[in-house]
Amino acid sequence: MMVRALSFCVACVLSLSAADFDLILRNGRVIDGTGNPARFADVAVKDGRIVAVGRVTGSATKEADARGLVIAPGFIDVHTHAEEIDDSPRGENFLRMGVTTLVLGNCGSSVQNIGTFFRRCEATNISPNIATLIGHGTVRERAMGGEFDRPPTPEELAKMKAAVEQGMKDGAVGLSTGLIYLPGTFARTDEIIELSKVVGQYGGIYASHMRNEGAEIFQSLDELFRISREGGLRAHVSHLKLSGEANWGQPDKVIAALEHARATGLDITQDQYAYPASSTSISTLIPKKYREGGKFAEHYTNETTRAQMAEQMKSLRERGGAKDYSYAVIASYRHDRSCNGLNIAQAAKKLRGSDALDDQIQTILEIQKNGGAGAVFHGMSEDDVQQFMRHPNTMFASDSGVRRFNEGVPHPRGYGNSARFLARYVRELNVLKLEDAVRRMTSLPATTFALKNRGLIREGCWADLVVFDPAKVQDHATFEKPHQYATGFAHVFVNGVEVVRDDQHTGAKPGRALRRDVE
């Protein structure tokens, strides 16, 4: 009896002395993600969720003074290529610029088995949260084998629809296409509509790297609008831009097309990155028919077809408005890493002794023959970037994978994208108000991609939080020296666990797989 009484008393003492919360952030300027003005408040967290916002009394296991700092929801990057997160689970380049949730599976490329991938990430632990789209190209390749320049047979289409449905059942948030990449470039609109109908039945979204972002952008937008309308689902334009100098100066017309589609009843949104340069495979400079079916090497060794490729590339260059390929900078060429950081003209001079257009084209073909390369393309207008940015439905996305420090010369957006929006476009240029910029990185993407209880500082929401100094937050990555982390982030929390403290990763891995319709 004495022992039981003693045990009870000890339990009472422990209960009385237990902290009320796991975490309290005090005296911060809260920007809640809605776009509403900032307000001074405390934020309390317990069991991974926000439980109080305002003047919080009581104690916490951990408290932090956020005086002079902004407390915002963790940023959501809706366009990443971070499928390697299970191999590089810290995702440090994202977290150190305030990104707490990554949407994977963009541009038509995703993991094949989403359920298995999610379980593997949860078993091994990751630092950021992840959600994913189903990659149309991944599904198409699996169903159709190596020959893609044709419609799928009824049996193949049935396999594709079944794979998409399984992906949605496993928790995917929608379907993505990459219509400049193999094998998606050969898909007809009707095929994509049939798959989109499956996604629409589950409340998913269609996100597209469209067929063209230059001279034929309006036809590409019309295709996206048709897929949205006939597929019965929301649609999203990935990394909205106008590529090629000949196409600059038309963002008002592009925005008018988007607004007209919304006025007719479609739910259309878009994202962009904070740079006037894109990044993708150098293979996109080569006409697609010569890349199909793994036959590029065969075409390359044939003098006739190699000459045809070169002639078509000259023609495309003239239509694009650039006199040569010096706008394209090699980012990662494994066959010859000494070319990383050189533009195509410089690489041609190095490899062939001449930077003439013919030699630049032959250099591109040779690079592709030797396994290809990633490249950065300086083909956009800063004025266009800012005009697209001002549209209220534009959210921010890096189009980046998980970066391995000092590997290659990748696009700086993988280290600096969200910090650059806050530093350059909010603080320096006043393109956006801080509250609106935060909304574009938090509640807007959470709502668009149906990520429940994310993207807001509100009681009951998951405690994905970022605490930063708006006067000091800064991107440091440049095109010449991209491997530099952003700074100005005092704290970053994922599901209530601190993953960044004073611009340093803590090593914690509290991230979750965010399945559609699961809170």
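Residues numbered from 1 in each chain as written. Predicted model: local features only at pLDDT ≥ 70, side-chain atom pairs only at ≥ 80, totals over all residues. Heavy atoms only, no water.

Engineer: Looking at this structure, I do not really get the environment of H483. What am I missing?
Structural biologist: Tracing the chain through its elements places H483 in the loop between strand 18 (465–468) and strand 19 (489–494). A C-alpha to C-alpha distance of 41 Å links H483 and D20, two positions 463 residues apart in sequence. Within polar-contact distance, the side chain of H483 engages the backbone nitrogen of N406 at 3.0 Å. In this structure the side chain of H483 is engaged in a polar contact, spanning 3.2 Å, whose partner is the backbone oxygen of E407. (Helix = DSSP H or I, 4+ residues; strand = E, 2+ residues; numbered from the N terminus. Polar contact = N/O pair within 3.5 Å; in protein donor to acceptor, adjacent residues only side chain to side chain.)

Engineer: Quick question: what am I supposed to make of helix 14 (residues 413–428) here?
Structural biologist: In an α-helix there are 3.6 residues to a turn, and that puts residues three or four apart on one side. Between the first and last C-alpha of helix 14 there are merely 18 Å, a value that for 16 residues lags more than 12% behind the 22 Å anticipated at 1.5 Å per step. Residue N430 follows helix 14 closely and has a positive phi angle near 55°. (Expected span 1.5 Å × (residues − 1).)

Engineer: Help me understand the environment of G414 in this model?
Structural biologist: Tracing the chain through its elements places G414 in helix 14. For G414, a relative accessible area of 0% gives the class buried. As a C-alpha pair, G414 and Q484 span 70 residues in sequence and 9.7 Å in three-dimensional space. If we skip the residues at most four places from it in the chain, G414 touches N93, M97, S400 and R403. (Buried < 20%, exposed > 50% of the residue type's maximum accessible area, 1.4 Å probe, protein only. Contact = heavy atoms within 4.5 Å.)

Engineer: I keep staring at the pattern of salt bridges and nothing clicks. Help me out?
Structural biologist: Side-chain pairing between opposite charges can occur once the charged atoms of the two side chains come close. In this structure the tally under the stated criterion is 28 salt bridges. With a shortest N-O distance of 2.8 Å, R26 and E63 are connected by a salt bridge. Residue R26 is found in strand 1 (residues 21–30), and its partner E63 is found in strand 4 (residues 60–65); the two are separated by 37 residues along the sequence. Overall, the relative accessible area of 18% leaves R26 in the buried class. For E63, a relative accessible area of 40% puts it in the partly exposed group. When the shortest N-O distance is used, the salt bridge between E498 and K62 registers 2.2 Å. Here the residue E498 occupies a position in strand 20 (residues 497–501), and K62 occupies one in strand 4, the gap between them amounting to 436 residues. With relative accessibility at 7%, the residue E498 sits in the buried group. Sharing partners across several salt bridges, the network here consists of R26, D42 and E63. (Salt bridge = Lys/Arg side-chain N within 4 Å of Asp/Glu carboxyl O.)

Engineer: Quick question: what am I supposed to make of helix 5 (residues 154–169) here?
Structural biologist: Over its 16 residues, helix 5 runs 22 Å from end to end, which matches the ideal 22 Å to within 8%, given 1.5 Å per residue. As for helix 5, its buried residues are in contact with helix 3 (114–124), strand 9 (134–135), helix 4 (136–144), strand 10 (174–178) and helix 6 (189–201). One or two positions beyond helix 5, positive phi appears at G171, with a value near 115°.

Engineer: Looking at this structure, I do not really get the pairing of strand 5 (residues 70–73). What am I missing?
Structural biologist: As a general feature of sheets, a regular strand has side chains that alternate between the two faces. Looking at chain direction, strand 1 and strand 5 are connected through two bridges and run parallel. Within strand 5, the residue paired with R29 across the bridge is V70. Across four bridges, the pairing between strand 5 and strand 18 is antiparallel. Following the sheet pairing, I71 is matched in strand 18 by V467. (Pairing = 2+ DSSP bridges.)

Engineer: Mind showing me how you'd approach the packing of aromatic side chains here?
Structural biologist: Aromatic ring pairs are described here by two measures, namely the spacing of the ring centres and the angle between the planes. Enumeration according to the criterion identifies 12 aromatic pairs in this entry. Seen in terms of ring centroids, F468 and F489 are 6.1 Å apart; in terms of plane orientation they differ by 50°. Their pairing is tilted. With F468 in strand 18 and F489 in strand 19, the pair connects residues that are 21 residues apart, well separated along the chain. Taken together through their ring pairs, the aromatic side chains of F75, F468 and F489 make up a single cluster. Across from the ring centre of Y325, 4.7 Å away, lies the NZ or CZ of R317, which sits over that ring. (Phe/Tyr/Trp six-rings, centres within 6.5 Å; stacked < 30°, edge-to-face > 60°. Lys NZ or Arg CZ within 6 Å of the ring centre and 35° of its normal.)

Engineer: Could you clarify how one ought to interpret the sheet that holds strand 9 in this entry?
Structural biologist: Hydrogen bonding along the main chain pairs the strands of a sheet, whether they run parallel or antiparallel. Reading across from one edge, 9-10-11-12-13-17 is the order of the six strands in this open sheet, with parallel pairing throughout. The two strands at the open ends of the sheet, each matched to only one other strand, are strand 9 and strand 17 (394–396). Each of strand 10 and strand 11 (205–209) is contacted by helix 6, which is oriented at about 155° to strand 10, the strand it contacts most. (Axes fitted to C-alpha atoms, helices over the stretch in contact; angles between N-to-C directions.)

Engineer: I'm lost on the confidence of the model for the protein in this one. Help?
Structural biologist: Any region with low pLDDT has predicted coordinates that should not be read closely. Here the protein averages 94 in pLDDT, while 96% of its residues score no lower than 70. Segment residues 1–16 is flagged for pLDDT under 50; beyond a separation of four residues in sequence, or across chains, it makes zero contacts in the model. (pLDDT = per-residue confidence, 0-100.)

Engineer: What should I look at first to understand the packing of helix 11 (residues 344–352) against helix 12 (residues 357–369) in this one?
Structural biologist: Relative placement of two packed helices is described by the angle separating their axes and the distance separating the axes. Where helix 11 meets helix 12, the axes come as close as 9 Å, and the angle between the chain directions of the two elements is 85°. With respect to helix 12, the axis of helix 11 lies roughly perpendicular. Two secondary-structure elements touch here, helix 11 through I344, A345, A347, A348, L351 and R352 and helix 12 through D359, Q360, Q362, T363, I364 and E366. In terms of residue class, the contact of helix 11 with helix 12 is built from six nonpolar, three polar and three charged. (Parallel < 35°, antiparallel > 145°, perpendicular 65-115°, else oblique. Nonpolar A, V, L, I, M, F, W, Y, C, P; charged D, E, K, R; others polar.)

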